[in-house]
2 protein chains.
Amino acid sequence: MNQRLYRCLREAILDGSIAADTRLPASRDLAAELGIARNTVVHVYAQLQAEGYTRSRQGSGTYVADTLPDDYLASGRRKRQASTKPARSSLSERGVRIVEGASASPFQWGAFMPGVPDVTEFPHRKFSRIVSSLWRKPAPELLTYAHGGGLPALREALAQHLALTRSIDCDPEQILLTEGVHQGIDLVARILCEAGDQAWIENPGYWGARSVLQANGIRTVPRAVDEEGMHLPAEPLDAPPRLIFVTPSHQYPLGAVMSLARRRRLLALARQWGSWIIEDDYDSEFRFTGRPIPCLQGLEPDAPVIYLGTFSKTLYPGLRLAYLVLPKSLVGAFQAAHGELYREGHLMTHAAVAIFIAEGHYAAHVRRMRMLYGRRRAMLVNLIERRLGPGWLHRDSSDAGLHLVLDLPADLSDEAVVHAAHARGVLTRPLSRYYDAAPDGGEPPRQGLLLGYACVPEADIARKFEALLESLSEVARRRGKP
Amino acid sequence: MNQRLYRCLREAILDGSIAADTRLPASRDLAAELGIARNTVVHVYAQLQAEGYTRSRQGSGTYVADTLPDDYLASGRRKRQASTKPARSSLSERGVRIVEGASASPFQWGAFMPGVPDVTEFPHRKFSRIVSSLWRKPAPELLTYAHGGGLPALREALAQHLALTRSIDCDPEQILLTEGVHQGIDLVARILCEAGDQAWIENPGYWGARSVLQANGIRTVPRAVDEEGMHLPAEPLDAPPRLIFVTPSHQYPLGAVMSLARRRRLLALARQWGSWIIEDDYDSEFRFTGRPIPCLQGLEPDAPVIYLGTFSKTLYPGLRLAYLVLPKSLVGAFQAAHGELYREGHLMTHAAVAIFIAEGHYAAHVRRMRMLYGRRRAMLVNLIERRLGPGWLHRDSSDAGLHLVLDLPADLSDEAVVHAAHARGVLTRPLSRYYDAAPDGGEPPRQGLLLGYACVPEADIARKFEALLESLSEVARRRGKP
């Protein structure tokens, strides 16, 4: 049945009997209608999505893709084998929710993929030399399991660096190295929250935080953002949130910087309510004009803040190295739980990064990338203003980070533009997908595009932007617009 | 208050007013008695444990350590800063449970640490050469985020290797590379189980599986093991379990091999109940006599088995590379959820390991280590029989793996021996700590020692074993025995 349903839907999409951009019925409804297990439908939807026939939008269902996956296959990507066997046992409700809400993209390299640094500029010879020197006579302690939050040498180098560049107030012991920021959010959710607790998240916001929190049974409450950051009410609507997840230095994805007044107010409310703030400082190293924005963590002594930082944007994402800066009172419990739940290791990598920082390569690389990304951003902004005119660059897109946001007219589907652009070899992400289903302010999701400029060589920016313009025109034409 | 309670308990332990091996009151009771938050007590207990003043035993509370932590400190380990600030907000119930039940050891290298391979024998020059060659001109796709379960080349190499050596029946697509086996167990728990579902685990068994399952709200039900593996009833006592976690090739930690009859029965029950079996094949590459034991996964077509394998024992633990072999029906959902919850990367590492396998180094290294560990095991078994006599080597300790189990008389505390041995520079793990609080068969936890021989050079085995014997005598004397 699974295979029959899969084939039937796939053929209907391929021969056009289900048109592009059609919303497929909810898995629950289709299952009820066909008298089959809901899980069977979920599997078929997951498979179709993995193969590029459909796209899901958080909270609003599964849509037929505008561009058929043959475009992807033609680009040399291996076709995934269809899961043709029926599931012998169903996914859990939480499993269904994770799979249906999944937003991570399988494409992570090329113009204009947001959130991706230019890994070809990574000083790989310097790094490789350090790695080789460590392998010459590796200490056994660096190769076996680890415990206690990561290599002390890296935590010391990092504490110094963060004090200088991010106004972080911490001892090295307060730093806990993690496998990416997702592991850090996972740990916070488990150690500080019960299932059923509330976490406020930004809307639009980072899909990964939402997914990890929800996987831990936490009820995420989307809060609108404005040009000063997350909206803060005088009183919580029901119970105070246990966690408040924010990106104060550079709101993700819209780009606002949280104002000082809003920061003070957020800290005061968190103290009053007994809430913890998670400060995700994901790309704060890249601010092209003005002074760096100091972080929330160091703004007041004993701030109720857990700080998240990452090397994904400054070194390379595949390194999978991030860190928490914890309040002292939580260090013991977090260390014990981290070793227990994830087991630790990667000390060779920690040692290499520690040497890379200590020898000054890290600061130099970040400086060089800041100038490079600043130039690329300026080129793209210039093209947008010259070729599209004013009003397209999102007003809060501050002069920082690895991407900017292009506003689209409300009647132009950003998902449609993304698919059309994909067919022309241009990667972008639709802004509407960063919105949660139930925005608190009533404002509908904006249509827009996240354009990453950091990973695009200057020589390609204009050409790729023209391809994007063609995609915009094509979708506008299809919608009956000039 | 936190600090006062910490100091007060620490001094009482140091000056002997609370004697070694005394059970501290449950955090809930002490908090009620002192009229303070339970969380305050949990923090103090976590801190004392992190510093080595106490030891927790799963399900049976916190005990004063026999050996004071100054012994550890003298060995050059950095003293952790005490968490002297009061917690401004409490840990969650699940956080308390994780911290209080934590069983991972901070010591992971030296005689006779179980579960640790000899990382000094890792062919690091060969591996480093491969890593350097990849860094010479790294493909950007290998440095950025990944998606879909890991580098296809490694999954292909692994599928071939597993078919040959472990009788695994799979396509490369069914392999999903994970950050250690803990991440694999975490993913299974989230995608296939609801909070409140039941998982059967072996008793004694692997503490890590228990912790990860419990962190996901799963009710673990300990099942006794005998010389054929996990006891299987005719009918489940209440509801059938959703998961059954077993180590059929080499029961962890006692060493039994699951009989063919028991395997068939386990598969039949899982099919009948709609349960999933997790087969943890953690050190099956190291079997010193007889033929390798084929895995459960390949025993029957479409077996309801999710197979867990790891490179931690065959390459080195700090690599943090493991894998799931999934039934085809689950591949799509697991790939989507894995990318979403953990983000993927480490493709450079995947590429290096793929080349290492393809060039034949992996099979050669495993063969060489099998002979080396076999010799070391034989030396240790010989010493046990010669110096202690018959009846000490646990009857199920099969001729395989990285450790063996020494049975202790029931009135000799294995925790006490472990602490006494630690003071003499010998690491072991107490068997009693691998038991769950509520064994189903009524049998009390056995006292015993897990002795890892894999990471001990032959030249050290006899000397370290003598130090262990002295510790045994010392604890026996202290208990008033000859």
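Small disclaimer: the values here were computed from a predicted structure and weren't measured.

**Examining the relation of the copies chain B and chain A**
- Of the transformation superimposing chain B on chain A, the axial component is 0.0 Å and the angular component is 180 degrees, with the fit at an RMSD of 0.1 Å. These values place the two chain copies in the arrangement generated by a two-fold rotation axis.
- The share of interface residues of chain B whose copies in chain A are also at the interface is 99%, consistent with both copies meeting through the same surface.

**A short note on empty space enclosed by the protein**
- This structure, assessed with the given rule, holds 14 cavities of 30 Å³ or more.
- Taken as a whole, the largest cavity spans an internal volume of roughly 460 Å³.
- Considering the residues around the largest cavity, the lining is formed by 26 residues, among which Val131(A), Tyr316(A), Thr349(A), Val131(B) and Thr349(B) are closest to the centre.
- Here the residues of the lining of the largest cavity sort into 20 nonpolar, six polar and no charged.

**A word on the environment of Ser329(A)**
All names here are of chain A.
- Locating Ser-329 in the fold gives a position in the loop between strand S10 (322–325) and helix H12 (331–342).
- Residue Ser-329 is classed as buried on the basis of its relative accessible area of 6%.
- Separated by 27 residues in sequence, Ser-329 and Asp-302 place their C-alpha atoms 9.9 Å apart.

**Details of the pattern of salt bridges**
All names here are of chain A.
- All told, the structure shown has 48 salt bridges over all chains when counted by the stated rule.
- The salt bridge involving Asp-171 is made with Lys-328; its shortest N-O contact spans 3.1 Å. On the criterion of sequence distance, the pair formed by Asp-171 in the loop between helix H8 (152–166) and strand S3 (175–178) and Lys-328 in the loop between S10 and H12 is long-range, its members being 157 residues apart.
- The class for Asp-171 is partly exposed, based on a relative accessible area of 25%.

**Notes on the side chain of Thr314(B)**
Residues and elements named next belong to chain B.
- If you trace the backbone, Thr-314 turns up in the loop between strand S9 (305–310) and strand S10 (322–325).
- A relative accessible area of 1% places Thr-314 in the buried class.
- Leave out the neighbours within four places in its chain, and Thr-314 touches Glu-285, Phe-286, Tyr-362, His-365 and Val-366.

**Overview of the sheet that holds S9(B)**
Residues and elements named next belong to chain B.
- In spatial order, the strands read S3-S10-S9-S8-S7-S4-S5-S6; together these eight strands make up an open sheet with mixed pairing. Looking at which strands have only one partner, the edges of the open sheet turn out to be strand S3 (175–178) and strand S6 (229–230).
- Packing of helix H8 (residues 152–166) onto the sheet brings it into contact with S3, S9 and S10, and relative to S3 it is tilted by some 110 degrees.

**Let's talk about helix H9 (residues 180–192) of chain B**
- Helix length check: H9(B), at 13 residues, gives a terminal C-alpha distance of 19 Å against a target of 18 Å (1.5 Å per residue), a fit within 8%.
- With 13 of 13 residues buried, H9(B) lies mostly within the body of the structure.

**Some words on the confidence of the model for chain A**
Residues and elements named next belong to chain A.
- Taken over all residues, the pLDDT of chain A has a mean of 89, while the share at 70 or more is 91%.
- Contacts of residues 70–88 to residues separated by more than four positions or lying in other chains number 53 contacts, the stretch itself having pLDDT below 50.
- For this predicted complex, the interface score ipTM comes out at 0.84, while the overall pTM is 0.85.

**Describing the packing of H8(B) against helix H13 (residues 347–358) of chain B**
All names here are of chain B.
- Close contact between H8 and H13 brings their axes to 8 Å; oriented N to C, the two are set at 35 degrees. Note that H8 runs across H13; the crossing there is left-handed. Across the interface between the two elements, Ala-153, Leu-154, Ala-157 and Leu-158 of H8 pack against His-350, Val-353, Ala-354 and Ile-357 of H13.
- Taken together, the residues of the contact of H8 with H13 sort by class into seven nonpolar, one polar and no charged.

**Considering the packing of aromatic side chains**
- Within this structure, the stated rule accounts for 30 aromatic pairs over all chains.
- One aromatic cluster in this structure is built from Phe122(A), Phe127(A), Tyr316(A), Phe356(A) and Trp135(B).
- In this structure, Arg223(A) packs its charged tip against the face of Trp200(A), placed 4.7 Å from the ring centre.
- A cation over a ring is seen here: Arg343(B) above Tyr145(B), with NZ or CZ 3.8 Å from the ring centre.

**Here's the deal with the interface of chain B and chain A**
- Chain B puts 100 residues into the contact, and the matching count from chain A is 99 residues.
- Seen at the junction of chain B and chain A, the total is two salt bridges.
- In this structure, Arg190(A) engages Asp186(B) in a salt bridge whose closest nitrogen and oxygen atoms are separated by 2.6 Å.
- If you look at where chain B meets chain A, you find 43 residue pairs in polar contact (both at pLDDT 80 or more).
- For the side of chain B that touches chain A, the leading source of residues is helix H12 (residues 331–342) of chain B, giving 10 residues.

**What to know about the domain arrangement of chain A**
- For chain A, the assigned domains read domain 1 (2–73), domain 2 (121–360) and domain 3 (364–478).
- Centre-to-centre, using C-alpha coordinates, domain 1 of chain A lies 37 Å away from domain 2 of chain A.

**Concerning the sheet that holds strand S12 (residues 429–430) of chain A**
Residues and elements named next belong to chain A.
- What the three strands build is an open sheet, ordered S11-S13-S12; its pairing is antiparallel. The sheet is open, and its two edges are formed by strand S11 (403–407) and S12, each paired on a single side.
- Pairing analysis gives five bridges linking S11 to strand S13 (residues 448–452), with the strands arranged antiparallel. Residue Leu-406 lies in a different strand from S13, and its bridge partner there is Leu-449.

**Here's the deal with the packing of helix H14 (residues 361–387) of chain A against helix H16 (residues 458–478) of chain A**
All names here are of chain A.
- Where H14 meets H16, the closest approach of the two axes is 10 Å, and the angle between their N-to-C directions is 35 degrees. For the element pair H14 and H16, the recorded crossing hand is right-handed. Every residue of H16 that contacts H14 at Leu-372, Arg-375, Arg-376, Met-379, Leu-380, Leu-383, Ile-384 and Arg-387 is listed here: Glu-458, Ile-461, Ala-462, Phe-465, Glu-466 and Leu-469.

Thresholds applied
Residues numbered from 1 in each chain as written. Chains lettered and ligands numbered in written order. Predicted model: local features only at pLDDT ≥ 70, side-chain atom pairs only at ≥ 80, totals over all residues. Heavy atoms only, no water. Least-squares fit on C-alpha atoms with pLDDT ≥ 70 in both. Contact = heavy atoms within 4.5 Å. 1 Å grid on protein atoms, 1.4 Å probe; cavity = no way out; pocket = protein on both sides within 12 Å on 5 of 7 lines; lining within 4 Å. Points joined across faces, edges and corners; volume = space filled by probe spheres on them. Nonpolar A, V, L, I, M, F, W, Y, C, P; charged D, E, K, R; others polar. Helix = DSSP H or I, 4+ residues; strand = E, 2+ residues; numbered from the N terminus. Buried < 20%, exposed > 50% of the residue type's maximum accessible area, 1.4 Å probe, protein only. Salt bridge = Lys/Arg side-chain N within 4 Å of Asp/Glu carboxyl O. Pairing = 2+ DSSP bridges. Axes fitted to C-alpha atoms, helices over the stretch in contact; angles between N-to-C directions. Expected span 1.5 Å × (residues − 1). pLDDT = per-residue confidence, 0-100. Left-handed = near helix turned anticlockwise from the far one by under 90°. Phe/Tyr/Trp six-rings, centres within 6.5 Å; stacked < 30°, edge-to-face > 60°. Lys NZ or Arg CZ within 6 Å of the ring centre and 35° of its normal. Polar contact = N/O pair within 3.5 Å; in protein donor to acceptor, adjacent residues only side chain to side chain. Domains from an automatic or database assignment.

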